[in-house]
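Read off the chains here:
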Amino acid sequence: GTDFYLGMFYITPQRRLRNKFTTPFAPPAEGGLQLFGTATDIDDMDDLIQQQKDGRQGPVCLLENAAYVEYVKAFFSELRTREEDFSSTEKAYQILNDGPCDIIMDSKPKVGRFLKSLKETDRCQAERKPIGYIGPSLNYGLTQFGIGVRQDMPEEVIVTIDY
């Protein structure tokens, strides 16, 4: 089996039942969900949902098989979403440029890295519209990151990974 999962994961109740988690030693230890893309004039989630109802905005793309998908669908039940694979900068850019969404939701640290990567490769626009943050990040709900380790991992090993 796997001893630990190298990467930052949202700590969810379901994941706590199967794994232990370290406390991250380096930022970002937290990261709320953040919208980004080419859509404009969206103040907050309520405004986005209303614009979707009015037909002014399409669905929000969520990363398929990500922990936050269930949370978003439960907490924002009226938000129209679709799951897509945007696990790489290229795939996310293609979704915004040619794909089904003008808005993508992911963790704020990942969104920041994505936008930085686009800037570095001179691809700051999709369909002649600027790509950027949309509204404030959600600083509630799933925000805590950790490194997942086996349930039977000795506590001293977990403490060592913490530092």
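Here, the structure is the one placed above.
What you see is a predicted model, and the numbers here were worked out from it, not measured in a lab. (Residues numbered from 1 in each chain as written. Predicted model: local features only at pLDDT ≥ 70, side-chain atom pairs only at ≥ 80, totals over all residues. Heavy atoms only, no water.)

Enquirer: Which residues make up the nonpolar core, and what values go with them?
Expert: Residues Y68, V72, M105 and I131 are the most contacted members of the largest nonpolar core, which totals 36 residues. For this core, the secondary structure elements donating two or more residues are β3 (33–37), α2 (45–53), β4 (60–63), α3 (68–75), α4 (89–98), β6 (103–107), α5 (108–120) and β9 (132–138). Excluding anything up to four places from it in sequence, V72 contacts L33, L62, S77, L79, T81 and M105. (Core = buried A, V, L, I, M, F, W, Y, C linked by side-chain atoms within 4.5 Å. Buried < 20%, exposed > 50% of the residue type's maximum accessible area, 1.4 Å probe, protein only. Helix = DSSP H or I, 4+ residues; strand = E, 2+ residues; numbered from the N terminus. Contact = heavy atoms within 4.5 Å.)

Enquirer: Explain the sheet that holds β6 residue by residue, including any values.
Expert: Pairing in this open sheet of five strands is mixed, and the strands run β5-β4-β6-β3-β9 from one edge to the other. Of all the strands in the sheet, just β5 (81–84) and β9 have a single pairing partner and so form its edges. Between one strand and the next, the sheet's axes are offset by a mean angle of 30 degrees, whatever the strand orientation. Pairing analysis gives five bridges linking β3 to β6, with the strands arranged antiparallel. Its bridge partner being in β6, F36 is matched across the sheet by I104. On the sheet, α4 packs against β3, β4, β5 and β6 and is oriented at approximately 155 degrees with respect to β6. Sheet strands in contact with α5 are β3, β4, β6 and β9, and its direction is about 120 degrees off that of β6. (Pairing = 2+ DSSP bridges. Axes fitted to C-alpha atoms, helices over the stretch in contact; angles between N-to-C directions.)

Enquirer: A description of the packing of α4 against α5 should follow, citing residues and the corresponding values.
Expert: At a minimum axis distance of 10 Å, the contact between α4 and α5 shows a crossing angle of 85 degrees. Overall, the two elements α4 and α5 adopt an arrangement that is roughly perpendicular. Across the interface between the two elements, T89, A92, Y93 and L96 of α4 pack against F114, S117 and L118 of α5. Considering only residue class, the contact of α4 with α5 consists of five nonpolar, two polar and no charged. (Parallel < 35°, antiparallel > 145°, perpendicular 65-115°, else oblique. Nonpolar A, V, L, I, M, F, W, Y, C, P; charged D, E, K, R; others polar.)

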